[in-house]
Structure formats: C-alpha cells, structure tokens
Amino acid sequence: MAPSRWADTEEDKAADVQRKREKDEKRRAKAERARQEVAEVQAQQKLEERPTKRQRLSAAPESTPQASLSAPSAPRKLLRHNAPGWYPSRHVNNFERLNHIEEGSYGWVSRAKETATGEVVALKKLKMDGSDASGFPVTGLREIQCLKACQHGHIVDLREIVVGNGLEEVFLVMEFLEHDLKTLQEEMQEPFLASETKTLMLQLTSAVDYLHDHWILHRDLKTSNILMNNRGEIKLADFGMARYFGDPSPKMTQLVVTLWYRAPELLLGAEDYGRAIDLWSVGCIFGELLTKQPLLQGKNEVDQLSKIFALCGIPSEETWPGFKRLPNARSLRLPRAEQNSGAVIRAKFPLLTTAGSSLLCDLLALNPAKRPAAKEVLAHPYFEENPRPKSTAMFPTFPSKAGQEKRRRYASPSAPKRGEAPKIGGAAGDFSGIFAGQEDEETGAGFQLKLI
Ligand code: ADP
C-alpha cells in the first residue's frame, strides 16, 4: 500500500501499522462471532428435530399389534372442508323490472322477472345512506348476514345479491310474495277470522322461534314486514334492524322497532334487552290481526308509553322489579299503580276467548321477564281450542296490490333511523323532539305521563 502522504515520519508509520493491526483484529473477531451464532442456531434446530421419548418415527415391525395403530401403511387421506367459493355477483340486467312495489326506509322494492328462467322475484335495491361515512349501510349488511343465515319456511328466501353498474347499486333478489299484512288488512272489509288469526300467529311465532334459537333478534316486527302469498303462507321480511345477540345480552341501541310495536323496556331506555322485545311486537301484531287496527298508535315515545300503561296497567316494583332504574323511568312521574291484571285488554277484545286474552296479556306483560318465549306461545292452549287454526290451503285469496297496481298507503310510523336515541328524561338531553306539540295531543286513557 502506498504510504500516506501525511506519513512523513517514522513515528507516523508505526502508528499506521498499529491501526491496521487493530482493524484486522476486529474484523477477525466479528467473523468468529457470526460463525458461533450460526452454529448455535443449527444446534437448536437439531435439538427440535430430535424425536421426543414417546414419539415413534419409524414404523414398528408389522408383527406387533401397535404397529398398525401408530403407523398405518395405507396412504393418508386429506380431510376436506367444503368452503363456499368466491365468485362475482351477477348483474341486475339478468332481471327485467315489472313494477315498483314499495319504497321502504332502507330500500326500493320492485317486482321483477329473471330473463333466463321467467321466474318472478322481488328485487330490493339498497339505499346507500350518503351521510354514513363508513360506506356500505350497516342495515344492508345485517339484512344480508341474517337472511343468508336463515332457512325457514316462514322467513323470506334471499336468493342472491346482484349488482348494477356502480358500487352503490346493490340489490337483494328475494322470492316474491303477493301481499304484506299491513296493506292487505287496509284493503280487507273485515278482520281475519279467529281460525285465520291462529294460523297467522303460529306461522309468525315459528319464524320468531327459529330466529331466537339462532341468536337473532328481528327488532322490527310489524305487519308491513310480514309478507303473505296467495296460499295463506306468511314469511317474515325486512331484516335491516336484525342482529345477533348473546347471553348475557350485549349493550345494544334502544332506538329499534317501529314506535307502535316497541316494547316498554326499550321506551324506558334499556340497552340490555333480549328476545322479549320481539314477543312484545308479536303481542301488538296479535291485537292488530284481531281488529284490523294497529293496537297502540302513539304519537311519540311518551305518548306511546302512556297508551301502553293505559292498556296494560302501571308498572310497580312488585310487577316489574327494577324498572325504576331504567334510564328514562327516573324522570317519569307515574300515577299510583292499580290492580289491572288484564281487565282493560279483556274489555277491548270482548270476542276473544279466555285462553286468547290470557295469551295476549302474557305477550303484553310490561315486565319483559314475564313474557312467554316463542316456544311457549306455540304450545299455548289458545291454538288448541275451537275454532282450530285454518289450513293454509283453505285461506281466501286476495287481489295482489304488489302484483300490478300502485298501492295506497296509510300513514304509519317507520322503523327508527340509526343515530342517537332520544332520552325521555335526564339532565343533558334535548327533549324537543319528544315533547313537540305534546300540549295539543290526546292523552292516554285516564292519565297523562309527566316529567318531574
Ligand atoms: P325497508 O327495509 O326499506 O323498509 P322492506 O324490506 O320492509 O323495506 O320492504 C318494503 C315493502 O316492500 C314491504 O312492506 C312489502 O310491501 C314489499 N316487499 C318487501 N319484500 C318483498 C317481497 N319479497 N315480495 C313482495 N313484496 C315485498
């Protein structure tokens, strides 16, 4: 190596040699360390590969009985799991739109025909909520998730999901049913007969039972979400509010279920509700089938509670332990609880048998713990007594509004929108939505609810 042009003295030269020696020494030490590390890793791997005491790597001689057990000589079979394949959704232009049926809260429903097969179906185009920054609407996701998980004779069959041209065009392809119970009842001259009501109630409750068995709450049971075909069969639809729940129930929003069908615990702000909220709605539907009129038509949350208490009695600590601790109950001043035990309900439905009114009273129990489970409803003596449930084959047929004409709709509240649930009381809430126009309103029978 050429001497440094700065190394002009003997001393400098000696220092240079010394530095070079030290550098070489360091390089050698580093190479040795790396070699040792590699050797350690290899030793560790060997250790792991070594069979443990009880592990037999080579097949034992055929003659020993253990041999065939521990090391089969036949080629091993792979366990196969059938995973659903991934494939693109078909385009909506495989269907020809026949007529518009209804614009709901979360979608537009039309009657359509599949071009290839000629089969008539219902197409529901999901509304993409522009204000929701998360993109795909959660109501649509829940509807697809729950309907795909359900196979039941009284739950509408979701055939497939099809798409339009853009990402915002998603359609549910469902079996088509000619009626929904709300529209049908509006067109009927008389309510359903007792035998027909029983058949409808049994079908509805069997669907609810199936959902509850599968840990799904529907959370928006009402007559407009119950579809009916011309063979007397009903099928539950609109799973936009449905969700899986657990035991114990997770915290869930209390802003669910259309007001007229909403259980008192939801109105009082309970967040850990369960199956009983669907059974309250079943009770409201039962009352509606008997008279053709929605049972509890409140104008707002407070009025709804007033109407419920007027029909079912005032709750007390004895009849509904702990209800006063519900968030919205603290701010309500309730009249003293009187013994009601179904007297008002029985008076409102004079033609209902004792068994029938006892079932209705049970379903409309203020205390959710006292409401029967769907299975108990199915086994209720009301369905055993005469007149017996009518066979679906004997049901009358009705002209289908969904089939052709534009339908007449009477005003009724729709399912609650997602967002902040209104509070009935409390220090920080804005109650204007709840109490707007309250002074001019009709009061519930016999008393009016007041805020303290
Ligand atoms: P949304 O979730 O937007 O409220 P729904 O699923 O409740 O929409 O449907 C609204 C209306 O459309 C129903 O009340 C019913 O009249 C009609 N409808 C929905 N699904 C079907 C179907 N499969 N067959 C016939 N009509 C249907």
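Every chain begins its residue count from 1, and numbering advances along the sequence as written. A pLDDT threshold of at least 70 governs which residues receive local features in this predicted model, and a stricter bar of 80 or more applies before side-chain atom pairs are shown or counted, although totals over entire chains, interfaces and linings include all residues.

Student: Requested: an account of the overall build of the protein, with residues and values cited.
Tutor: Regarding its fold elements, the protein presents 12 helices and 13 strands. Buried residues in the protein amount to 33% of all 452 residues. We call two residues in contact whenever the C-beta atoms placed from their backbones are within 7 Å. In the protein, once contacts between residues fewer than 6 apart in sequence are set aside, the share between residues at least 24 apart is 66%. Secondary structure elements follow DSSP: runs of H or I of four or more residues count as helices, runs of E of two or more count as strands, with numbering from the N terminus. Any residue whose C-beta has 12 or fewer other C-beta atoms within 10 Å is treated as exposed, any with 20 or more as buried, and any in between as partly exposed, C-beta atoms being built from the backbone.

Student: Summarise the site of the ligand; cite the residues concerned and give the values.
Tutor: Proximity of a residue to a molecule or strand is defined by its backbone-placed C-beta atom lying within 6 Å of that partner. Neighbouring the ligand are 22 residues; Glu-102, Gly-104, Val-109, Ala-122 and Asp-238 lie closest to it. Mapped onto the shell around the ligand, the elements with two or more residues apiece are β2 (95-103), β3 (107-114), β4 (120-126) and β6 (170-175). Amino acids are sorted into nonpolar (Ala, Val, Leu, Ile, Met, Phe, Trp, Tyr, Cys and Pro), charged (Asp, Glu, Lys and Arg) and polar (every other residue, Gly among them). By residue class, the composition of the shell around the ligand is 11 nonpolar, 6 polar and 5 charged. Bear in mind that the domain bounds are from an automatic or database domain assignment. Counting only domains with at least three residues in the shell around the ligand, you end up with domain 1 (92-174) and domain 2 (180-429).

Student: Account for the pairing of β6, naming residues and giving values.
Tutor: In terms of residue burial, β6 counts as a mostly covered element, since 5 of its 6 residues are buried. Any two strands with at least two DSSP-identified bridges between them are counted as paired. Alignment of β4 against β6, held across 5 bridges, turns out to be antiparallel. Paired with Lys-125 across the strands is Phe-171, a residue of β6. The hairpin turn running from strand β5 (residues 158-163) into β6, its antiparallel successor, is 6 residues long.

Student: Go over the sheet that holds strand β1 (residues 90-91), please, and point to the residues and values.
Tutor: With mixed pairing, the 6 strands of this open sheet are ordered in space as β1-β5-β6-β4-β3-β2. Looking at the sheet topology across the chains shown, the edges are occupied by β1 and β2.

Student: Requested: an account of the pairing of β2, with residues and values cited.
Tutor: Where β2 meets β3, 7 bridges bridge the pair, whose relative direction is antiparallel. By the bridge assignment, Glu-96 is partnered in β3 with Lys-113. Linking β2 back to β3 in an antiparallel pair, the connection comprises 3 residues.

Student: Tell me about the sheet that holds strand β10 (residues 234-236), and name the residues and values.
Tutor: With antiparallel pairing, the 3 strands of this open sheet are ordered in space as β7-β9-β10. Only two strands of the sheet have a single partner each, and these edge strands are β7 (179-180) and β10. As defined by bridge partners, strand β9 (residues 226-228) adjoins β10 across 3 bridges and the pair is classed as antiparallel. What sits directly across from Met-228, in β10, is Ile-234.

Student: Go over unusual backbone geometry with me, naming the residues and quoting the values.
Tutor: Here the bond from Asp-247 into Pro-248 is cis, since omega is 5 degrees, no more than 30 degrees from zero. When you line up the elements, Pro-248 lands in the loop between β11 (243-244) and α6 (264-267). Cis geometry marks the peptide bond from Asn-386 to Pro-387, where omega comes out at -5 degrees. As for its position among the elements, Pro-387 is in the loop between α11 (374-378) and α12 (432-435). For Asp-238, which is not glycine, the phi torsion reads 55 degrees and is therefore positive. Mapped onto the secondary structure, Asp-238 falls in the loop between β10 and β11. Residue Asp-238 is classed as buried on the basis of its 26 C-beta neighbours within 10 Å. At Lys-292, a residue that is not glycine, the phi angle is positive and equals roughly 75 degrees.

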